[in-house]
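Take a look at the letters that make up each chain.
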Amino acid sequence: GWYRGQGAATHEEGFQAWLRARHQAGSVVTDQTILDKVGVSRDAYRPLRHAYAHEGRVVLRHSAEEKKGKGAKDKQEAEGGKTKEQQQKGGTSVADAASRSVRLSSRRLRAELRWGELLVNILYAPVGFGDVTALRVGENPLVAWTAEEDREREQHSVLGNGGRAEEGDDEEERAGGPSVGEAGVARVVAVGPGVKVMKEGDLVLPLRSDMGTWRTASIWKERDCLKLPVEVLPVEYAACAKELFTAYHLLQKYTAGMKAGDALICNGGNSLVVQALIQMAKILQYRTFVVVRRHSPETFETVSERLYEMGATRVFADDEPIRRRLLSEGQALPVLALDMVGGQRSGSRLLSALRPNDQSFVNAGSSSNGPSQSGPSAPRSRMVLFGASSGESFSAPWYLMLSSEVSIEAFCLEKFLKSGANQKKLVSGLDQIGRLVDAKRVVLKTREFALDEAEAAVEFWGEGGRIAKPLLRPLAIEEEKLAAEKAEKERETRERELKSLQGKLFDSGREREDGGETSGAKEMEEKPFGGPVIREDEETPSGGTKTVGTRLQKEALRRVELPAQRGSRGRGGASVSPSFGHSSAPAALVFLHGQGETCEEYDGLFRGAMDREESYRHVKTILPAAPCLAPDVKGEPTTSWTTLSLREVAETLNVVEKAAMGASAGELRAEEIALLAEVEQSCEQVARLLASELSDGVRANRLVLSGFSLGALVALSTAVAKIDVPLGGVILLGCPAPSERVLKFLLDRASPASKKTRLFLLTGSHDEICPLKDAERLKNSLETKGFPVTLSPIAQGKHEVGNDELGHLLACLGLLVG
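The following paragraphs examine the structure supplied in this document. Predicted, not measured: the structure shown is a model, and the values here were computed from it.

Focus: the sheet that holds strand β15 (residues 407-410)
Moving on, step 1. Judged by pairing direction, the sheet is parallel, and its six strands sit side by side in the order β12-β11-β10-β13-β14-β15 without closing on themselves. Looking at strand neighbours, the two that pair on one side only are β12 (314-317) and β15, the edges of this open sheet. Sheet twist, expressed as the average angle between the axes of neighbouring strands with direction ignored, equals 20 degrees.
Moving on, step 2. Packed onto the sheet, helix α10 (residues 241-254) meets β10 (263-267), β13 (336-339), β14 (382-385) and β15 and runs at close to 150 degrees relative to β14.

Here it is, written out as structure tokens:
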């Protein structure tokens, strides 16, 4: 039948009651509603250009592609496991996995403000559960769900989606994905056309949780911000306004009927919401029982002590029988449970601790432990869900839910703040909270981190004994602009220096005519090498990459030598000459080890192989030590042929060919110039070593240069672009293939004489670091420039030097100097 409101006598009165009772969201349409929905034509106003269109710092989340290749430990932690180190520290693997997804980047703000937009400078941004979840799995499910609800609501509204579509056309703002950060406080720096309420200098809160606050500055819509009254809260407290208000609202809305001495129970004791709730409940004279996760005995004691200082009545570990303990101690059971953890284990413990809504139940207790309440006048017990930091849905056994007759409700601040009336309640509540803060009745513990310390802030959030709230504090936008302008000038200066250096790389000291060789074999023997490009008295440009390593050897390379044996002893002690026809002439093999290795590691390997084979006893083996220390993937110093980190070398060698990356086609990028400058210094040292062998009587065609991994790249660069005489050969094991641009630069500097050197490329069929397809590309490039190249895949071989790889190397050596 027709709806009639309570007490309505006629159909007309019932219809009016229905109008008053129905859902009102979106039913009132004003001119601002239309502008928000439909938008304003860009031809109808003039955008405001602001002064802060510089490269600003922003925290992003690693994409799935960037996270590929993680080790077993990373995989375990990403899936929620805990490492032994974390167990000892009392932290969570969830936070650790999230911290590894943090990526600090730069993003240029749009240079103009459109209709209804604000330019804001983020002052503080807290680290919360939603942020950690978004970092770990890609999004906060609650935020994603409410955003989907909004889209559905707009699609079914009379005005539709309208002009909101234009918000998605800022490619420069969304390149690389959205920035992280669900909450914070910001200062308005500039206001665009159509802004009605906000003005420069105002403090504002982001109303939505997908606005990205982990950055220095951003452009927000006025409708998505809430203006804070002047000095309502200290700025760092204002950054946590949503959490403070959540505690305030939970006590205001769900404690109806509770009296002084009544108890409530909550979990998530190290969260800011619960800490604020404890202090506010103490003012209202409610008893608070707090459940804390027992990461370790030490961290549990630390957290408990601090919660007691704030006013908690009793702190329980999450593995304690709470209800049994309370009854045995004569404590009155709580009538309100606030669950921010979720999951069956946590939810069941809170639910079972509540006083059942059964009038026949007599609640044990005394005046000191809370009032004994039963009967109709007692407040009904209820449970309120307002979070799920465990990542699991609330669950409890059916028999517990039925027998307790407790009502279960939920509160979502994200949806609450979509109402203008509720936004006013937030401002009013913050004003009341501010008074408590001024009176020192509510005190927060915070710890500040710079924006570039976001990874450390996330790790701190996950520590088991943490009480302080981690806050990110970006730079002032004016300070960041000055720093960006300074960095831009330094970058331009650095690029000019590197471009100047590019013309000198692998060319200094060369004295030959274009298309011709240096005259005569004797001249080639006497002066086979060009001089150093970067001399010891010159300062090496830092380039576009960060050089944090050390070049330990600046002149002669330290080395291990395995002397040649002119012959071996046969039966009866007679001298036996090696079987190869040219064995009477001395030969030498110079082998350059890979990054992170030492020449001593190869001493025994080569010595055993040479002793086993008569054919190689006439070959002197020289194992030079890499002259540098560079940071490995963990930042620890390791041996290297450059001072650049392994990551920097890999990124530069494997860079995607894009003219937009700061270099036109065929032109070297700054990072590539810096790497080549580093490589050339090592090439010069290797060239000096080769020259010393020639001066000791080893003929050039009996001198073989070899190397593995980064050592192979140095060997290739030395033979191709640093030598004006053909060697006996070059054998490269697992050689990284540079980008076509870098390779073309090196090959263009090869002398006609060096193109007579025979090259062998040895690559494992299962090498994932330097795959076979890259070796094939390298072979094709070398052949195009006229080098004789042989590619020999090693069956089942990986990126390593073992007996199989060494066997292939010695087989090539036999072909070259046997």
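Describing the sheet that holds strand β26 (residues 703-708)
Moving on, step 1. With mixed pairing, the seven strands of this open sheet are ordered in space as β19-β23-β22-β26-β27-β28-β29. Sheet topology places β19 (559-562) and β29 (789-794) at the edges, where each strand pairs with a single neighbour. Strand-to-strand twist of the sheet, defined as the mean angle between neighbouring strand axes without regard to direction, takes the value 15 degrees.
Moving on, step 2. On top of the sheet, helix α24 (residues 710-721) reaches β22 (587-592), β26, β27 (729-733) and β28 (759-764); it is set at about 145 degrees to β26, its chief contact.
Moving on, step 3. In this fold helix α27 (residues 803-817) packs onto β22, β23 (619-624), β26, β27, β28 and β29, with an angle of close to 170 degrees to the strand it touches most, β27.

Describing the pattern of salt bridges
Moving on, step 1. Per the stated rule, a full pass over the model turns up 31 salt bridges.
Moving on, step 2. Across the salt bridge formed by glutamate 320 and arginine 325, the nearest N and O atoms sit 2.4 Å from each other.
Moving on, step 3. Residue arginine 325 is classed as partly exposed on the basis of its relative accessible area of 32%.
Moving on, step 4. Among the salt bridges present, the one from aspartate 748 reaches lysine 785, with a minimum N-O distance of 2.8 Å. In this pair, aspartate 748 sits in the loop between α25 (740-747) and β28 while lysine 785 sits in the loop between α26 (772-784) and β29, placing the two residues 37 residues apart along the sequence.
Moving on, step 5. Connected through salt bridges with shared partners, the residues Arg559, Glu561, Lys620 and Glu693 form a single ionic network.

Some details on helix α18 (residues 454-461)
Note on helix geometry: an α-helix contains 3.6 residues per turn, so any two residues three or four positions apart are oriented the same way.
Moving on, step 1. Turning to α18, its buried residues number three or more, namely Ala454, Ala457, Val458, Phe460 and Trp461. Down the axis of α18, the smallest arc covering the buried residues is 160 degrees, so these residues share one side.

Details of a negative patch on the surface
Moving on, step 1. Taken together, the side chains of Glu298, Glu301, Glu305 and Glu309 define an acidic patch exposed on the protein surface.
Moving on, step 2. Along the chain, glutamate 305 turns up in helix α12 (residues 297-310).

Quick look at the pairing of strand β16 (residues 446-450)
Moving on, step 1. Two strands pair when backbone bridges link them, and β16 and strand β17 (residues 469-473) are joined in this way by five bridges, in the parallel orientation. Each bridged residue has a counterpart across the sheet, and for threonine 446 the counterpart in β17 is lysine 469.
Moving on, step 2. This β-α-β element, β16 to α18 to β17, shows right-handed connectivity.

Some points on α10
Moving on, step 1. Between its first and last C-alpha, α10 extends 20 Å over 14 residues, near the 20 Å set by a 1.5 Å rise per residue.
Moving on, step 2. Where burial is concerned, most of α10 is hidden: 12 out of the 14 residues are buried.
Moving on, step 3. Those residues of α10 that sit buried are Ala241, Lys242, Glu243, Leu244, Phe245, Thr246, Ala247, Tyr248, His249, Leu250, Leu251 and Tyr254.

So, a nonpolar patch on the surface
Moving on, step 1. A surface patch of nonpolar side chains, about 430 Å² in accessible area, is lined by Trp398, Tyr399 and Leu402.
Moving on, step 2. Take leucine 402: it is sitting in helix α15 (residues 398-404).

Calculation rules
- Residues numbered from 1 in each chain as written.
- Predicted model: local features only at pLDDT ≥ 70, side-chain atom pairs only at ≥ 80, totals over all residues.
- Heavy atoms only, no water.
- Pairing = 2+ DSSP bridges.
- Helix = DSSP H or I, 4+ residues; strand = E, 2+ residues; numbered from the N terminus.
- Axes fitted to C-alpha atoms, helices over the stretch in contact; angles between N-to-C directions.
- Contact = heavy atoms within 4.5 Å.
- Salt bridge = Lys/Arg side-chain N within 4 Å of Asp/Glu carboxyl O.
- Buried < 20%, exposed > 50% of the residue type's maximum accessible area, 1.4 Å probe, protein only.
- Arc of directions from axis to C-beta.
- Patch = residues over 30% accessible without salt bridge, like charges linked within 9 Å, V, L, I, M, F, W, Y side chains within 5 Å.
- Areas by Shrake-Rupley, 256 points an atom, 1.4 Å probe, with all protein chains shown as cover.
- Lys, Arg positive; Asp, Glu negative; His and termini not counted.
- Charge placed at Lys NZ, Arg CZ, Asp CG, Glu CD.
- Right-handed = clockwise from strand over helix to strand, strands pointing away.
- Expected span 1.5 Å × (residues − 1).

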